[in-house]
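Listed here are the chains, written in short residue letters.
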Amino acid sequence: MNRLTVLLATLALLLAGCADARSGTLGPAPRAAASGTATPPGTAPPATTARTPGATAMPPPAPVAPPRTGAPTPSTTGSVTVQLWFTRAGAVVPTRRTRPTTVATSRLALAELAAGPTPAEAAAGLATLVPDGVEMVRIADGTATVSAPPSFADTDAPTLRLRRAQVVWTLTQFPTVRRVAFAGTGVVLARADLADLLPPIVVTEPAIGQRVTGPVTVAGTADVYEATVSIRVLDSAGRVVGTGFTTATCGSGCRGDYRGGVAYRLTTAGPGTVEVYEVSPRDGSRTHVVAVPVVLAATG
């Protein structure tokens, strides 16, 4: 066999070997993703969720809407409770009113101030100095501007200051109000400007006429000796049926918050009184007594 014949035979064998190499020894070629988009080289294929044979595929969860912020919360009871500040013995003291829900709670509070105390509150010494005609003008940047009739300022200085204190302490219960401006007077007041008109012990809970159960929750603010606030519960005959004490967050020259519970024993429900007071460091007597008439539930 000459050299040309050998060379042609060798070339034929090499071409046959290449055809065998393409016969599938490297596996099937990658296919495009089901979406029609090819998977880029070096990228992991999309994850799949294993499914139990015969099981029904669960739909993907619905997207959760982000919470709304700043929107008013509808009342579930159809009522709103506001705090009112009346006067007693030359000081301002709080009570509460529950009325049908309204978006104008500040106007509601001013109207209730002018309406005055209930008979039960009046019997406990509460009064109002705020006349009819005090109106809300606007609330902006933490300031509530109110207009008042000329008769509002037609009085002596101590009475005018108490009137203003009633309005200021009542309106600043709302989170959007930090101070009150009295239109046409240039007077702008915050609670701190009138703090000296608070009595040594302020009781915000319970409210006058409230039905309570044992233990009675008693709360408020106080500036008393060693921050110790004493409490006792009396039945309708004035008998002591429960005693206790709690401690304010500050005392002896500064005002602090307090909250405590007092248990009592009473077999028959009926009217009673919760007294909150300071024990005198001089002679142990009860001083700065705040008496809150309530309805006591029976304790069994």
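Thresholds, definitions, all that
Counting restarts for each chain, with residues numbered from 1 along the sequence as it is written. Where totals are concerned, whole chains, interfaces and linings use all residues; where local detail is concerned, this predicted model gives features only for residues with pLDDT of at least 70, and gives and counts side-chain atom pairs only at 80 or more. Side-chain measures were taken over the full set of non-hydrogen atoms in the model, leaving aside hydrogen atoms and water. By convention in these notes, a salt bridge is any Lys or Arg side-chain nitrogen within 4 Å of a carboxyl oxygen on Asp or Glu. Per the convention used, a helix needs a DSSP run of H or I reaching at least four residues, while a strand needs a run of E reaching at least two, with both numbered from the N terminus. Residue exposure (1.4 Å probe, protein chains only): buried if accessible area is under 20% of the type maximum, exposed if over 50%, otherwise partly exposed. Planes of paired rings set the category: under 30 degrees apart is stacked, over 60 is edge-to-face and the rest tilted, where pairs are Phe, Tyr or Trp rings (Trp by its six-membered ring) whose centres lie within 6.5 Å. Remark: a charge is flagged as sitting over a ring if the NZ atom of Lys or the CZ atom of Arg is within 6 Å of the ring centre and within 35 degrees of the ring normal. Every angle, taken between N-to-C directions, lies between 0 and 180 degrees, and every axis is a line fitted to C-alpha atoms, over only the stretch in contact when it is a helix. Working rule for handedness: look at the near helix, and if it is turned counterclockwise from the far one by less than a right angle, call the crossing left-handed; if clockwise, right-handed. Contacts are residue-level and defined by heavy atoms, with any inter-residue pair within 4.5 Å sufficient. As a per-residue measure, pLDDT reflects the predictor's confidence and takes values from 0 up to 100. Working definition: a disulfide is two cysteine sulfur atoms within 2.5 Å of each other.

## Details of the pattern of salt bridges
Inference 1: Tallied over the entire structure, the rule returns 8 salt bridges.
Inference 2: Its salt-bridge partner being R99, residue E112 comes within 3.0 Å of it at the nearest N-O pair. With E112 in helix α2 (residues 105–115) and R99 in strand β2 (residues 91–100), this residue pair connects regions lying 13 residues apart in the sequence.
Inference 3: Of the residues examined, E112 reaches a relative accessible area of 11% and is grouped as buried.

## Considerations on unusual backbone geometry
Inference 1: Between E205 and P206 the backbone carries a cis peptide bond, its omega angle lying at 5°.
Inference 2: Counting through the fold element by element, P206 comes out in the loop between β7 (201–205) and β8 (211–212).
Inference 3: Put simply, G214 and P215 share a cis peptide bond, and its omega is -5°.
Inference 4: Structurally, P215 is set in the loop between β8 and β9 (216–222).

## What to know about the packing of aromatic side chains
Inference 1: In this structure the tally under the stated criterion is 2 aromatic pairs.
Inference 2: Judged by centre distance (4.8 Å) and plane angle (50°), the rings of W85 and W169 are tilted. In this pair, W85 is assigned in strand β1 (residues 79–88) and W169 in helix α4 (residues 157–171), connecting sequence segments 84 residues apart. Note on accessibility: W85 and W169 belong to one class, buried.
Inference 3: Directly above the ring of F152 sits R163, whose terminal nitrogen or CZ lies 6.0 Å from the centroid.
Inference 4: Taking the ring centre of Y277 as reference, the NZ or CZ of R286 above it sits at 5.5 Å.

## Some thoughts on the packing of α2 against α4
Inference 1: Between α2 and α4, whose axes approach to 10 Å, the crossing angle comes to 145°. Where α2 crosses over α4, the two elements pack in a sense that is right-handed. In contact with S106, A109, L110 and L113 of α2, α4 contributes Q166, V167, T170 and L171.

## Here we look at the confidence of the model for the protein
Inference 1: Averaged over every residue, the pLDDT of the protein is 81; residues scoring 70 or more account for 74%.
Inference 2: Low pLDDT, under 50, characterises residues 4–75; the stretch is placed with 8 contacts to residues that sit more than four places away or in other chains.

## Considering the state of the cysteines
Inference 1: Applying the stated criterion across every chain yields a total of 1 disulfide.
Inference 2: Across the disulfide, C250 is cross-linked to C254 (sulfur-sulfur distance 1.5 Å). Its S-S torsion of about -90° marks the bond between C250 and C254 as left-handed, since a negative value means left-handed.
Inference 3: C250 sits in the partly exposed class, given a relative accessible area of 25%.

## Notes on the side chain of S106
Inference 1: Mapping S106 onto the fold places it in helix α2.
Inference 2: Apart from residues no more than four positions distant in its own chain, S106 is found in contact with M136, I139, L171 and F174.

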